[in-house]
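Working through the structure, step by step
Each chain, letter by letter, is given below.
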Amino acid sequence: MQNKPASNKVIQIRIAILIDRYCPLWGGTENQIRQLGQYLKANGCRIFIVTRRWDMKHLPIEHIDEIEVFRVGRPYPSFFSTLSYTLSVLHLLFKKNRSYDILQTNGAAALGMLGSMFSLLLSKKSIARIGSHGKVKDFTQNIAKRFLIQILGRMDRLVSVSDDIHNELLEAGISGNNVVTIRNGVNEDRFRALNDQERKHWRREHALPENATIVVYASLFKQGKGHELLLKAWSE
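None of these values were measured; they are calculated from a predicted model.

Right, let's get into the packing of aromatic side chains. Per the counting criterion, the structure on display carries three aromatic pairs. Ring geometry for F79 versus F80: centroids 5.4 Å apart, planes at 75°, classification edge-to-face. Judged by its relative accessible area of 60%, F79 falls in the exposed class. Judged by its relative accessible area of 61%, F80 falls in the exposed class. If you follow K124 out to its NZ or CZ, it ends over the ring of Y100, 4.6 Å from the centre.

With that out of the way, let us pick up the side chain of R129. Residue position: R129 is located in strand β6 (residues 125-130). We note that R129 is buried and unpaired, the nearest opposite charge coming from E30 at a distance of 8.6 Å. A distance of 2.5 Å separates polar atoms of two side chains, one belonging to R129 and the other to Q32. If near-sequence neighbours (up to four positions away) are discounted, R129 is found in contact with T29, Q32, T105, N106, G107, V159, V161 and N184.

Taken as a whole and judged by the stated rule, the model has eight salt bridges. We note a salt bridge from R183 to D163, for which the minimum N-O separation is 2.6 Å. Here D163 lies in helix α5 (residues 163-171) and R183 lies in the loop between β8 (179-181) and α6 (196-205), a separation of 20 residues in the sequence. Overall, the relative accessible area of 52% leaves R183 in the exposed class. Residue classification places D163 among the partly exposed positions, given a relative accessible area of 42%. In this structure, R192 and E198 form a salt bridge, with 3.2 Å as the shortest nitrogen-oxygen distance. Residue R192 is classed as exposed on the basis of its relative accessible area, which comes to 51%. For E198, a relative accessible area of 28% puts it in the partly exposed group.

Where strands meet in a sheet, backbone hydrogen bonds hold them as pairs that are either parallel or antiparallel. The eight strands are arranged β3-β4-β2-β1-β5-β6-β7-β8 in an open sheet whose pairing can be described as mixed. Edge positions in the sheet fall to β3 (61-64) and β8, since each has one partner strand and no second. Taken over all neighbouring pairs, the strand axes of this sheet differ in orientation by 25° on average, direction set aside. Both strand β2 (residues 46-52) and strand β4 (residues 67-72) contribute to a ladder of five bridges, which runs parallel. Looking across to β4, one finds that F48 is bridged to E68. Where α5 meets the sheet, it contacts β6, β7 (157-160) and β8, and its direction lies at approximately 170° from that of β8.

The next subject is the packing of helix α2 (residues 79-95) against helix α3 (residues 109-122). The relative placement of two packed helices comes down to the angle between their axes together with the axis-to-axis distance. Between α2 and α3, the shortest axis-to-axis distance is 11 Å and the interhelical angle comes to 35°. The way α2 lies across α3 gives a crossing that is right-handed. Contacts between α2 and α3 involve Y85, T86, V89, L90, L93 and F94 from the former and L111, L114, F118, L121 and L122 from the latter. For the contact of α2 with α3, the class distribution of residues is 10 nonpolar, one polar and no charged.

In this section: α6. N-cap assignment for α6: the residue whose side-chain oxygen lies 3.2 Å from the backbone N of Q197 is N195. Looking one or two residues past α6, A207 carries a phi angle of roughly 55°, positive in sign.

With that settled, the discussion passes to a nonpolar patch on the surface. The grouping of L194, W202, L208, I214 and V216 at the surface amounts to a nonpolar patch, some 450 Å² of accessible area in total. With respect to the helices, strands and loops of the structure, L194 is situated in the loop between β8 and α6.

Within the secondary structure, N106 sits in strand β5 (residues 102-107). Given the relative accessible area of 2%, N106 is considered buried. Separated by 107 residues in the primary sequence, N106 and T213 have C-alpha atoms spaced 34 Å apart. In contact with N106, other than residues within four places in its own chain, are I17, L18, I19, D20, T29, I33, L111 and R129.

Cut-off values and rules
- Residues numbered from 1 in each chain as written.
- Predicted model: local features only at pLDDT ≥ 70, side-chain atom pairs only at ≥ 80, totals over all residues.
- Heavy atoms only, no water.
- Phe/Tyr/Trp six-rings, centres within 6.5 Å; stacked < 30°, edge-to-face > 60°.
- Buried < 20%, exposed > 50% of the residue type's maximum accessible area, 1.4 Å probe, protein only.
- Lys NZ or Arg CZ within 6 Å of the ring centre and 35° of its normal.
- Helix = DSSP H or I, 4+ residues; strand = E, 2+ residues; numbered from the N terminus.
- Lys, Arg positive; Asp, Glu negative; His and termini not counted.
- Salt bridge = Lys/Arg side-chain N within 4 Å of Asp/Glu carboxyl O.
- Polar contact = N/O pair within 3.5 Å; in protein donor to acceptor, adjacent residues only side chain to side chain.
- Contact = heavy atoms within 4.5 Å.
- Pairing = 2+ DSSP bridges.
- Axes fitted to C-alpha atoms, helices over the stretch in contact; angles between N-to-C directions.
- Left-handed = near helix turned anticlockwise from the far one by under 90°.
- Nonpolar A, V, L, I, M, F, W, Y, C, P; charged D, E, K, R; others polar.
- Patch = residues over 30% accessible without salt bridge, like charges linked within 9 Å, V, L, I, M, F, W, Y side chains within 5 Å.
- Areas by Shrake-Rupley, 256 points an atom, 1.4 Å probe, with all protein chains shown as cover.

These figures come from the coordinates and say nothing about function on their own.
Below, the structure written as structure tokens:
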């Protein structure tokens with residue numbers, strides 16, 4: 001019997017991306033997911049994004065960069081709006097159950113826990129990208145919260161963006177076999193150091209002193225980012 005030739009058929013990966021905030025709300029994670037979505041799509045993946053509807057002005061369904069974005073839940077900050085968001089996400093993921101194979105969450109550990117529960121209920125592969133340091137240990141304070149850590153540990157893969165977050169996950173009792181560290185990358189085609197001539201030209205163009213020390217910060221300004229340590233060090 002002759003052996004059949006190997007198939008050249010490309011397996012299309014289908015991914016549902018869950019993120020708490022998305023365009024037009026901006027932050028580091030939001031920007032990364034937008035770039036990641038374009039990269040995945042260009043490489044043949046089928047994806048859609050599910051996020052919270054923080055403002056009624058934001059469309060419930062739209063296409064951004066030719067990727068379908070669903071905004072669910074109620075925008076007002078309350079227990080009931082959070083419950084509405086949670087149930088709406090579950091309903092949408094169940095409704096689109098045949099449209100994806102992998103559920104990926106991005107952001108805080110709490111969203112990863114939610115994604116883990118959903119993936120278990122819907123029998124999906126799951127990945128949680130944890131980008132917030134100092135939050136996981138908050139879930140080790142009592143038995144009920146430790147149960148949520150166990151749920152998070154059921155993810156097929158947990159991705160930390162730093163050694164601190166990696167160690168925090170391990171200290172919470174999550175198996176090291178499930179945790180990998182992938183640091184935030186930088187597109188060197190877009191972000192590169194200017195030479196002296198380019199730097200002087202840029203400063204003149206923006207009416208900035210040629211020899212002044214200029215600090216640029218591009219992220220959310222909130223507790224846990226380390227601003228207080230940086231400001232204290234500068235003052236000394």
